[in-house]
Structure formats: structure tokens, C-alpha cells
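Residues per chain are reported as follows:
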Amino acid sequence: MSTINVGMMTSGGLAPCLSSSIAHLVHYWSEAKRTGKIAGLTIRMYRDGYKGILLGDSFMVAEETWEHCHALHDLGGSPIGNSRVKLTNVKDCVARGLAPEGVLPIEVASQQLIKDKINVIHTIGGDDTNCQAAELSKYLLEQHNGKVTVIGMPKTVDNDVYPIKQTFGAKTAACHGASFFENVVSESTANPRMLIIHECMGRDSGYLTAATSLEYRNLLKKQKFVEGFTTSAASRDIHAVWIPEIPIDIEKEGARLKTAMDTHGNVNVFISEGSGVHDIVREMEAAGTEVPRDAFGHVKLDKINPGAYFSKRLAELIGAEKVLVQKSGYFARAAASNDFDRELIGKCAQVGVDAAIGGVSGCMGEDEEKEGCPVRPIEFSRIKGGKPFDVNLPWFQSMLKDIGQI
């Protein structure tokens, strides 16, 4: 077999998997060369995702460096940089200087991959990133008679990609979000009748908020308290979990949580950043206010700020004297992968390299629509975002009952 030229890029928001994905992929590609599966190998990294491909901004990883890439496992973020670029958003790409007027960005990207003689490209990102990669591969084949095998690595803390059982980094983010709140909850002792809103990431999926709640309550169970003192397991527990999949009846919840406030002297609410966004957007549009959106058309949640929106309304209903809104998103998503995610990424990277050698494209993951959820390159035509969190999972229903939400 001839030399394989491999390209890698990370794209979209951060997740605790980007560095580990690169570390695992470099390991299994170098192993393929060492064991004779391939005759030769070059590894190229594109800086800042699709921006790097469009601008031809990349670097080669020297062979003597491959064995040292395992150190990337201990790093959060991306070692090669991310960006949010949509190849089909011509206007945005031109405005940002990523493509010249009159030339399709996807053509610019194709020409760059052809120039770099790329045979395999690993796109490490969410559903937007990987679906764009599939379009790029198809365009290359149809317009330039060239074939680039695309192996996607599904990262997102939202765990909302069909038909993938568990996306990279979601478990790690939940654990770190729980650790974050383990400290923040102590602020409930800083002021009488304190309302703490813990806002987790999650545009349309409540997975991360639910999983973070579960991880936090597991930490709380290990904590020892002294009887008779004000702070207790009940005061530090979660009193509400609000996610996009469950409508928020603010009046009803307010009445319930006022009882909690009167009993414990504080209330702790975990909320997804996307909870109630549709209602907030409708109010903004009705008032003639422009709704800020990114290149993909997604509402910019940091501008909408659901946590602050609901905290004001809830504070009045429960008689809170002080409100604290804390967001764990950037803290959680910037972490290095934990053991769970490293193992999952490693399995997918190993199978992904073998698939690439065989010329099979796809997005790696546990295919939950196949018997046994095998790790395989899932057809890009089946990959899509927006998978909702299953609110009927027994552990989630049990948690809601424990905290009195149902």
C-alpha cells in the first residue's frame, strides 16, 4: 500500500475530547505504519478548523514527534485551534476573508486538500462539522474526480447526535460541572434566602444538565454533615432541574420552590442554557428586538441568557433576598478527557483508522440503531443533531421524584 496523507482538524465549540482524539488518532496511525498495514504516512494538522483549510494554514507533525503526542491526553481544549465556519454560508465566508468573492468556499477547501494531497481527513467536531465534511468529500468526488476518505469524530457535550449512543466529552463535562457546583453551592450559606441558578450548556438537549445533576448528587451522597447545623444534605441538594424537553410552568414551580426556600433557607436550580429560549425569542421578536444568531443560524445563547431571565421571575415568586447565576459551561467543556471518554475515544479512533485504510468514510461512534451498539463508521447520511434527552430514563425520573419535581 502506498503512503497515506492524513489531515486532522477540530471545529465548533470545545469539548473534553479534542486533544485526546488527536492523541489517539496519531497513535493508531503510527501503529498502522509500524505494523505494516500501510507503507508510508504523513500527518498534517489544519489550524482553527475549516478556517485553516480555507486559508491553507496547516503544519506537518514530524515522525519523531508522533510518540510524544500521548501527552495531549492531559490537555483540555484543542491543540490545533477551533473556529465556527460553515462552508455553505458563502456570504459569511466572504465577509470574513476566508474565500474570494465569486468562488464557492467548498471549492476553495477542495483545492486546498488536493494541493496538500490529502487521502484521509479526520473531522473532530459536532454534527455540523461532520456533515460539512461529508459534503466536502462528495463535492471532491463529483467535481474533481478525487477521493478523500472522511472519518468524523463526534464531539459535543450535549450528547445530541443521532444515532450515536454517547458523544465524546459529554461524560467528562458532566463530572466537571458537578465539581464546579460542589464549590458554588457553598454560596448558599453566604446570605439568607439565597437562590442559586446553575446554568449548564445544552441548546436543545437537556442531557448535560441532567447528567451533571446526577453526578453532583452522587458527590453529595459522599459528603458528611453534622446534625444540628444549618447546612445539610437537603440544603445543598438540587431543588429543580429545568431542561428544554420539559416545559417550565414558572408559577407552579415558584409555589413549590417557595416551600423549599422557607424550609431550607435557600434554593438550588440546575437549568439548561436552552431552556425556555423559544419563549424568550418570541418575546424579543414581538418587541421588534433583533435576535443575535451565529453563522449556522443558531441563537447566541450568551446574548439571550435564559439563566438571568428565569432567575428574575423565580426570585420574586419564592421571595429570594439574593440571586446568584453561575455558568459551568466553559469550565466543564475546557477540561481534559476523563478515563471514560479516553476509553471511548480510543475505541473509535482504532476502528476509524482501520476504516480509513479500507477507504470507508463515516462518523465514528456506538451505533445505537444497530444490535449491540457496535463501534463503527456510521454513514454520514444518518448523522444529524437535535436528538433530545430521554426524560423517561429511570434514573432521571427517580431523581425528579427525589427532589419533589414530579
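For clarity, every value in this text was computed on a predicted model and none was experimentally measured.

Right, let's get into the overall build of the protein chain. A tally of regular secondary structure across the protein chain gives 15 helices and eleven strands. The C-alpha radius of gyration computed for the protein chain amounts to 23 Å, which stays within 12% of the reference 22 Å derived for 406 residues, consistent with globular compactness. For the protein chain, the spread of C-alpha atoms along the three principal axes comes to 70 × 50 × 35 Å. Per-residue burial for the protein chain yields a buried fraction of 52% across its 406 residues. The long-range share in the protein chain, meaning contacts at least 24 apart out of those at least 6 apart in sequence, stands at 76%.

Between Y162 and P163 the backbone carries a cis peptide bond, its omega angle lying at -15 degrees. Mapped onto the elements of the fold, P163 is located in the loop between β5 (149–154) and α6 (170–184). The backbone of C373 sits at a positive phi, close to 50 degrees, despite the residue not being glycine. Structurally, the position occupied by C373 is in the loop between β10 (362–366) and β11 (375–378).

This paragraph deals with the nonpolar core. Core analysis: the biggest nonpolar cluster contains 65 residues, and M8, W29 and F396 have the highest contact counts within it. Once you skip the residues sitting within four places of it in the chain, M8 turns out to touch I22, L25, V26, W29, I43, R44, M45, Y46, I80 and H122. Core analysis: the second largest hydrophobic core is formed by 29 residues, L87, I118, Y139 and V161 among them.

Take helix α5 (residues 127–144) next. In a regular helix each residue adds 1.5 Å, so 18 residues correspond to 26 Å; α5 covers 25 Å between its end C-alpha atoms and thus fits that length. For α5, the complete set of buried residues consists of T129, N130, Q132, A133, A134, L136, S137, Y139 and L140. Where α5 is buried, its residues touch β1 (3–10), α2 (50–55), α4 (105–115), β4 (120–125), β5 and β10. One or two positions beyond α5, positive phi appears at N145, with a value near 50 degrees.

Within the secondary structure, T172 is located in helix α6. Separated by 87 residues in the primary sequence, T172 and V85 have C-alpha atoms spaced 26 Å apart. The contacts of T172, once residues within four sequence positions are left out, are P16, A335, A336, S337, N338 and D341.

Direction vectors running N to C along α4 and α5 enclose 75 degrees, while the axes themselves pass 10 Å from each other. Considering their axes alone, α4 and α5 lie roughly perpendicular with respect to each other. On α5, the residues touching I106, E107, A109, S110, Q111, L113 and I114 of α4 are E135, L136, Y139, L140 and H144. Split by residue class, the contact of α4 with α5 holds seven nonpolar, three polar and two charged.

Before going further, it helps to spend a moment on the pattern of salt bridges. Applying the stated criterion across every chain yields a total of 22 salt bridges. In this structure, K171 engages E215 in a salt bridge whose closest nitrogen and oxygen atoms are separated by 3.0 Å. Highlighted residues: K171 in helix α6 and E215 in helix α7 (residues 207–222), separated in sequence by 44 residues. By relative accessible area, E215 is classed as buried at 16%. For the salt bridge of K347 with E343, the shortest nitrogen-to-oxygen distance reads 3.6 Å. Note that K347 and E343 are positioned in helix α14 (residues 339–357) at a spacing of four residues, about one turn of the helix. For K347, a relative accessible area of 43% translates into the label partly exposed.

This next bit is on the sheet that holds β11. Taken in spatial order, the seven strands line up as β3-β2-β1-β4-β5-β10-β11 in an open sheet, and their pairing is mixed. Single-partner strands in this sheet number two, and they are β3 (58–60) and β11. Strand-to-strand twist across the sheet, computed as the mean angle between neighbouring axes with direction ignored, equals 25 degrees. In terms of strand pairing, β4 meets β5 through six bridges, oriented parallel. Pairing of I124 across the sheet is with M153, part of β5. Sheet strands in contact with α5 are β1, β4, β5 and β10, and its direction is about 160 degrees off that of β4.

This part is about the sheet that holds strand β6 (residues 194–200). Through backbone hydrogen bonds, the strands of a sheet pair up, either in parallel or in antiparallel fashion. With parallel pairing, the four strands of this open sheet are ordered in space as β7-β8-β6-β9. Each edge of the open sheet carries a strand with a single partner, namely β7 (240–242) and β9 (322–327). In this sheet, adjacent strand axes meet at a mean angle of 20 degrees when their direction is disregarded. Judged from the six bridges that link them, β6 and β9 form a sheet pairing that is parallel. Of the residues in β9, the one forming a bridge with M194 is K322. Along the sheet face, α6 touches β6, β8 (266–272) and β9 and points at about 165 degrees away from the line of β6. With respect to the sheet, helix α9 (residues 250–264) is in contact with β6, β7 and β8, its orientation differing from that of β8 by roughly 140 degrees.

So, on to the side chain of H73. Relative to the helices and strands, H73 resides in the loop between β3 and α3 (90–95). By relative accessible area, which is 13% here, H73 ends up buried. For H73, the contacting residues outside a window of four places in its chain are S20, A23, H24, A336, S337 and R342.

Take S235: it is sitting in helix α8 (residues 233–236). In this structure the side chain of S235 is engaged in a polar contact, spanning 2.9 Å, whose partner is the backbone nitrogen of S232.

Thresholds, definitions, all that
Residues numbered from 1 in each chain as written. Predicted model: local features only at pLDDT ≥ 70, side-chain atom pairs only at ≥ 80, totals over all residues. Heavy atoms only, no water. Helix = DSSP H or I, 4+ residues; strand = E, 2+ residues; numbered from the N terminus. Rg over C-alpha atoms; globule rule 2.2 N^0.38 Å. Buried < 20%, exposed > 50% of the residue type's maximum accessible area, 1.4 Å probe, protein only. Contact = heavy atoms within 4.5 Å. Core = buried A, V, L, I, M, F, W, Y, C linked by side-chain atoms within 4.5 Å. Expected span 1.5 Å × (residues − 1). Axes fitted to C-alpha atoms, helices over the stretch in contact; angles between N-to-C directions. Parallel < 35°, antiparallel > 145°, perpendicular 65-115°, else oblique. Nonpolar A, V, L, I, M, F, W, Y, C, P; charged D, E, K, R; others polar. Salt bridge = Lys/Arg side-chain N within 4 Å of Asp/Glu carboxyl O. Pairing = 2+ DSSP bridges. Polar contact = N/O pair within 3.5 Å; in protein donor to acceptor, adjacent residues only side chain to side chain.

Everything listed here is a matter of geometry and, on its own, says nothing about what the molecule does.
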